[in-house]
Protein chains: 4
Amino acid sequence: MSVQHARAPAVETVEAPAKRGFEFLNVPGPTNIPGRILNAMHRPALDFSGPEFIALSKQIFEDLKPVFKTEGNVFIYAANGHGAWEAALSNTLSPGDSILVPETGNFSASWADMAEALELRVVTVPSDWRRAIDPNAVEDALRKDTGHAIKAVLMVHTDTATGITSDIQALRGAIDAAGHPALFMVDAIASLATVDLRMDEWNVDVAIAASQKGMMLPPGAAFVAAGERALKAHAASSMPKRYWDWGDRMAKEHYRKFCGTAPEHLIFGLREAIDMLNEETLDGAFARHARLAEAVRRCVECWCAAGALQFNAVNPLERANAVTTILLPPDVDTETVRAMCRDHYRVSVGGGLGKLMGKAFRIGHMGDMNEPMILGCLGAVEAALKRLGMPLGEGGIGAAVDWLSHPAEAR
Amino acid sequence: MSVQHARAPAVETVEAPAKRGFEFLNVPGPTNIPGRILNAMHRPALDFSGPEFIALSKQIFEDLKPVFKTEGNVFIYAANGHGAWEAALSNTLSPGDSILVPETGNFSASWADMAEALELRVVTVPSDWRRAIDPNAVEDALRKDTGHAIKAVLMVHTDTATGITSDIQALRGAIDAAGHPALFMVDAIASLATVDLRMDEWNVDVAIAASQKGMMLPPGAAFVAAGERALKAHAASSMPKRYWDWGDRMAKEHYRKFCGTAPEHLIFGLREAIDMLNEETLDGAFARHARLAEAVRRCVECWCAAGALQFNAVNPLERANAVTTILLPPDVDTETVRAMCRDHYRVSVGGGLGKLMGKAFRIGHMGDMNEPMILGCLGAVEAALKRLGMPLGEGGIGAAVDWLSHPAEAR
Amino acid sequence: MSVQHARAPAVETVEAPAKRGFEFLNVPGPTNIPGRILNAMHRPALDFSGPEFIALSKQIFEDLKPVFKTEGNVFIYAANGHGAWEAALSNTLSPGDSILVPETGNFSASWADMAEALELRVVTVPSDWRRAIDPNAVEDALRKDTGHAIKAVLMVHTDTATGITSDIQALRGAIDAAGHPALFMVDAIASLATVDLRMDEWNVDVAIAASQKGMMLPPGAAFVAAGERALKAHAASSMPKRYWDWGDRMAKEHYRKFCGTAPEHLIFGLREAIDMLNEETLDGAFARHARLAEAVRRCVECWCAAGALQFNAVNPLERANAVTTILLPPDVDTETVRAMCRDHYRVSVGGGLGKLMGKAFRIGHMGDMNEPMILGCLGAVEAALKRLGMPLGEGGIGAAVDWLSHPAEAR
Amino acid sequence: MSVQHARAPAVETVEAPAKRGFEFLNVPGPTNIPGRILNAMHRPALDFSGPEFIALSKQIFEDLKPVFKTEGNVFIYAANGHGAWEAALSNTLSPGDSILVPETGNFSASWADMAEALELRVVTVPSDWRRAIDPNAVEDALRKDTGHAIKAVLMVHTDTATGITSDIQALRGAIDAAGHPALFMVDAIASLATVDLRMDEWNVDVAIAASQKGMMLPPGAAFVAAGERALKAHAASSMPKRYWDWGDRMAKEHYRKFCGTAPEHLIFGLREAIDMLNEETLDGAFARHARLAEAVRRCVECWCAAGALQFNAVNPLERANAVTTILLPPDVDTETVRAMCRDHYRVSVGGGLGKLMGKAFRIGHMGDMNEPMILGCLGAVEAALKRLGMPLGEGGIGAAVDWLSHPAEAR
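Not measured: the values here are computed from a predicted model.

Here the focus is the sheet that holds strand 2 (residues 73-78) of chain B. Residue and element names in this part refer to chain B. Taken together, the seven strands give an open sheet; going across it, the order is 2-10-9-8-5-3-4, and neighbouring strands pair in mixed fashion. With one partner strand each, in any of the chains shown, strand 2 and strand 4 (121-125) form the two edges of the open sheet. Neighbour-to-neighbour, the strand axes of the sheet open up by a mean angle of 20°, direction not taken into account. By the bridge criterion, six bridges tie strand 2 to strand 10 (residues 221-226) in an arrangement that is antiparallel. For Tyr77, the partnering residue across the bridge sits in strand 10 and is Ala222. Sheet strands touched by helix 4 (residues 106-117): strand 3 (98-102), strand 4, strand 5 (150-156) and strand 8 (183-187). Its angle to strand 5, the strand with the most contacts, is close to 150°.

In this section: the pairing of strand 14 (residues 360-364) of chain D. All names here are of chain D. Within strand 14, five of the five residues are buried, which leaves it mostly tucked inside the rest of the structure. The side-chain alternation of strand 14 yields two buried faces, one formed by Ala360, Arg362 and Gly364 and the other by Phe361 and Ile363. When strand 12 (residues 323-327) meets strand 14, the two strands line up antiparallel, connected through five bridges. Pairing of Leu327 across the sheet is with Ala360, part of strand 14.

All right, on to the relation of the copies chain D and chain C then. Note on the identical chains: chain D maps onto chain C by a rotation of 180° and an axial translation of 0.0 Å, with an RMSD of 0.0 Å. Viewed as a symmetry operation, the transformation between the two copies matches a two-fold axis. Closest to the rotation axis within chain D is the C-alpha of Gly376 of chain D, separated from it by 1.8 Å. When the interface residues of chain D are mapped onto chain C, 100% of them again lie at the interface, so the same face is used by both copies.

The next thing to look at is the interface of chain D and chain A. In this assembly, 54 residues from chain D lie in contact with 54 residues from chain A. In total, about 4,200 Å² of surface goes out of reach between chain D and chain A, with carbon and sulfur atoms giving 59% of it. On the surface where chain D and chain A come into contact, there are six salt bridges. The shortest N-O distance in the salt bridge between Asp113 of chain D and Arg242 of chain A comes to 2.8 Å. In this structure, the connection of chain D to chain A is made through 22 residue pairs in polar contact (both at pLDDT 80 or more). Sorting the residues of the side of chain D that touches chain A by element identifies helix 1 (35-41), helix 2 (51-68), helix 3 (81-92), helix 4 (106-117), helix 9 (264-280), helix 11 (334-345) and strand 13 (347-351) of chain D as the ones contributing at least two each. Each residue belonging to the side of chain D that touches chain A can be placed in one class, and the counts come to 26 nonpolar, 15 polar and 13 charged.

All right, on to the domain arrangement of chain A then. Residue and element names in this part refer to chain A. Assigned domains within chain A: domain 1 (24-30 + 281-410) and domain 2 (35-279). Distance between the C-alpha centres of domain 1 and domain 2: 27 Å. Opposite the 30 residues of domain 1 that make contact, domain 2 presents 33 residues. Between domain 1 and domain 2 lies a buried interface of about 2,400 Å² when both sides are counted; carbon and sulfur atoms form 59% of it. When residues of domain 1 are sorted by the area they lose upon contact with domain 2, Leu282, Phe286 and Glu318 head the list and together hold 22% of the total. Between the two partners, domain 1 and domain 2, sit one salt bridge. The tally of links between domain 1 and domain 2 comes to 17 residue pairs in polar contact (both at pLDDT 80 or more). Listed by contribution, the elements that provide at least two residues to the side of domain 1 that touches domain 2 are helix 10 (282-304), strand 11 (310-311) and strand 12 (323-327). Across the side of domain 1 that touches domain 2, the residue classes tally to 15 nonpolar, nine polar and six charged.

How each quantity is defined
- Residues numbered from 1 in each chain as written.
- Chains lettered and ligands numbered in written order.
- Predicted model: local features only at pLDDT ≥ 70, side-chain atom pairs only at ≥ 80, totals over all residues.
- Heavy atoms only, no water.
- Pairing = 2+ DSSP bridges.
- Helix = DSSP H or I, 4+ residues; strand = E, 2+ residues; numbered from the N terminus.
- Axes fitted to C-alpha atoms, helices over the stretch in contact; angles between N-to-C directions.
- Contact = heavy atoms within 4.5 Å.
- Buried < 20%, exposed > 50% of the residue type's maximum accessible area, 1.4 Å probe, protein only.
- Least-squares fit on C-alpha atoms with pLDDT ≥ 70 in both.
- Buried area = accessible area lost by both parts, 1.4 Å probe.
- Salt bridge = Lys/Arg side-chain N within 4 Å of Asp/Glu carboxyl O.
- Polar contact = N/O pair within 3.5 Å; in protein donor to acceptor, adjacent residues only side chain to side chain.
- Nonpolar A, V, L, I, M, F, W, Y, C, P; charged D, E, K, R; others polar.
- Domains from an automatic or database assignment.

Written as structure tokens, this is what we have:
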């Protein structure tokens, strides 16, 4: 690619305007927090061992299950997604165990890195970060493990670094085809409530998620759903742990469910978030994400026509409904784009992570989003890119409008 | 106009989707209320006669003056804009007085109607609602009043029904040219903090405004600024009044400044609103309104190219920076457009008022607005109009993006 | 009274501590605003002419009726209580009309003063401000008006200056006994939702109220309930008016119900307030006010035993459930007491008004109050008075605790 | 003790009244959250890797140091106090290490229990839970450990189960006197910002705390402060860990400071909390806690005079400024007391924990508290106890008022 394009000569010298109006938060998490949820959190704390909080949290534990489409146990941690990763690993594995971590992108790398810190041995299926995980490659890797040293397969459903969603059902098929007994653990941090995840139907043993993406909450709560096989593995795990320990959290006493004080305000917010999801239905939320993501893709496709920008995800069918990762020309730095969008157009977009650091920017479109929010984001990013002199194909934002002008039913 | 266009066959039968994400409030008031202001109002009431509230409100009375660019008195009412209208009339006039009310649109009509209820005699300068007030016509009307029966000229600066802003400075010139002593009263409800209004420099005697437009507050507070000549007229007024009475409100005792309990929470919000305006500067706010309004106009201009839609304001230079009024083809009802935008695209646009009832829709773009908010609104309205089968010229939203892609300094 | 007591020598020189914890707002209005209501107001404005706001406000107009126990019309104004007073007068009377205003205290005086500004002639039944209005005196005054020049009787139900509640039903009886056709207008600002008011059963023609007392809202909304006879009087009234005019507000078009833009956020709060009242029931709210007020009275009675303090209300049965007015010894200034309570004990109490200016302080106990709030207020005021060297009888706060230690049913 | 007292025969059959007014949260954590903090948290999330959040969190890490009175490192976890416990242990110790955990009450027991789950060996200094830790006993225990197998001494500064504060400075002296090199770790969860803790001056190696006590925040954030010796121990620790790992969190990249996404809203709240503490000064906050706690103790002392109730803490000087634990007569169950306070008097008090389960109740008085809040709580609890027929000595609440009637300077 030898695209010519002017750079904004001195973006930094132009004073940023006053911050007015909605802040468009189009990073791939944290996401926009609905006013209903912020209001639900604007309240006094509760006596943690009083009947009101106990009733509330009991119901929450129940109501989280259908979000994961599981009848297994769901654990709620005061933690972030990394905490949930550690909970998944430390409850089911023992130091020295091997695990298979197909390389989805930055987040499989970080999870694997954590696993190594926990004295697990990591086997990987390498990738160029531009394609979803190939089930056949996973099947092959597992077939090679004839002694079943691999105790778990760790899959990131949607890697927000790459903007790619892998096919969990197909991957389950691959494990089954290999006849391998490894646990199947899915990082659903960016996928929960944005695309379908059928934990029980697809035999996912552990699914982990966090509050600040499709669940629309502030960061600070993490969720781990565990099926029967995972609980059995827990019984055999020798990893030292207490805070993450499912055993303790399954005790009858209510306070042990949180290993200490519950993150009450996130629970208050979670109540509202689940209510909102139930009002919309999960299928409604999935359809909305698909519709809005397609608007983003149609716009970006136009931009890419000029040859300067590219989708990171090579295969259109693998592009995530949660986030779109866009590769920049080699002479444009991510931070220039981010700063222009943020300081002059009130839109925060994500930067590149890991291998893509400095080379990509990311438009998040998950959570509490709607048509004008997406169009406002795309329009502002288009204006910012033009102002930076980026060559863009014609019709970007218009293509998004066209797509959204069709009834949802017809799309 | 004999435009052909399809109508959405059965909009009503398509179930509206769940309400998710920001609500885009693009009616011409009330406007978007910044989180900072809502937070400033989320607090306990204060002892109305305690030192904290007294200090706060004293400062507010001072800090409102530069917003009007006056050194006169500003009165704050628990009321809406209609209340401010009545305050202006009842404090300066007496039953039987004549007034001149040039016809700007729906709001001059309503104000005149109120004046008649208050037993004033209304002289008007008629208009087709598609042009700003002609200063010459006002001068003529005043010259004819050789006996100076007309005690006041009432001008709506920006009539939100028509989307037209009249030239206050030129109108002042007209009054002066006629050598007429009538008071000059300006309804700045939709103009305050959106376009320049120099009360003292332009010899405006009374300016009235309300909380829910450029001031970014919830409705419920109204402001009346009065210069010296207006206070003299007050001394001579025989209109029965107490709640509106400036005399009472100029008394030393603090509680009399509000004729009873102050609308404290609106005062708390007003403190924050004035701070925000001061951070941005009034000139910054005016420039922002001009920039965003031009984006709307460039988009609408493209739409109009297909012949179905028209700007209500014939003269581009008279189009308001606060709101754009768009005429619909005769066979399209405003409510169809409004419902589609609202129910399927989460954008509230205004309907036609008065003569334009059912014949126009209005996009509000004043107050706490920014680039992606405007682009999101325009994109969603464009999608809605397309979905309704409205013939639209090409490139609407793209033209808005283009305009906004230039640095503010260069526009 | 020649009570000896030390004064705090220099209260002002002791630096006030940091403001921490709940602010105890024990002025007789504005009152404590529940978090539920503040949250209900922490939201975007609505399109004033959209279906959501119209449905909400229609229901509110209906739901306010049972609060007044009327089937008449209720009008909602962006205004305060003084605005409601003016609305009541200007809609039903004409310049030159006579009215009877029995002297309840500061607020009958202010209302009468307003009436004079509106060119009404005021006849009064004088009082020493320490007793409820005597129905016989009202009957006598009306009997003397053989020509029925008096068009209305204006009664303040609970005058917050005096802490006295008059007997509305008995006063109705007095008017009937005199066979007088005057309208009966009741200022229920401090009584609505704190003590029973049966507008229709007691033949009250107009009742006025405001948002910031028993209704638990921020100040800024005022309510006027009007029965059939009042509406008939409206038809005959010649007072110039528009903002207050019931006729305009009874028009079909929704926007006319508020004569311009509605005070939307107060309506959002009002929805929540009415829901809360309905959950508790009006009778529950009355009983709670009676119970808490009795706790205050038992405490204050103990304080008074030392001879320095006195109840303003001579007759215990006339002491209001909304506020208690306490006379100070002649050498103690109200502001000293208020400042000590506020700056050192985080409790705001009211000062004396009108004749009682500087001579009394007032403990408000209406609205969103409960047992520990009242006990906290009383305990802090007791500590403040002791710190000021005020002679107090023993057992004040203890007596309040004793009273509240009995089950509500048994009280 | 053979106290006779009636029991409320059927508390449960009396319907609880409507929940109105402030909720008095007098459990020993979570505590009252100031409106300023709740408002600071009512805002959109921020781009976690944008300059605004990075600047904010960098400053927070600095500003937490003086709260601990340390120049060491402070780590912030999305976790609760138990998480902070685990962070302290897993960063500095290795499986198989011995630790000394003097028995302060329920929380030393839980921390020791966690340590065993992490494969540490626990040595204890037993206690009857009614006295502070005896420094001599700690010195003896350490002297016996001639081989320095004990790697750390774990001390709970204020055990909220017992209501007792131990003397950290004296315990440091004991360790020094024994010439023992063990790390000194202090659980300051209930003491931070309520009583003095001078981490550096007293040579505390690790101090842990959480958000929901003296820091006035919702639960969900935990803090670990680590001095130089602790960081050295970290380098030698072989405990598997990642989420808690200080090494990772000391990396330059900002996002690693939180091992994943930061609990942004708690950081927003923390900013406000630290600002509030700085406004009051730490010494001011300590003095306020001491003053309010003494009011509680004076009241409870009166109650105890009747012989039914007792302070759990035998030694008055050891009674905590954060919480008061009160022993109930054997035939009264904690839950009866808690339910009466909560359901009929809107005050939540804590129950007994561990050994004291069912035998004690606890009044929390830490965090964002003031005089009327404490007096309201005490008055309501006194009423509740009386209603339950509990024999109480005279003058409880009155003694608290007396104490608080003296100027703070004179106490």
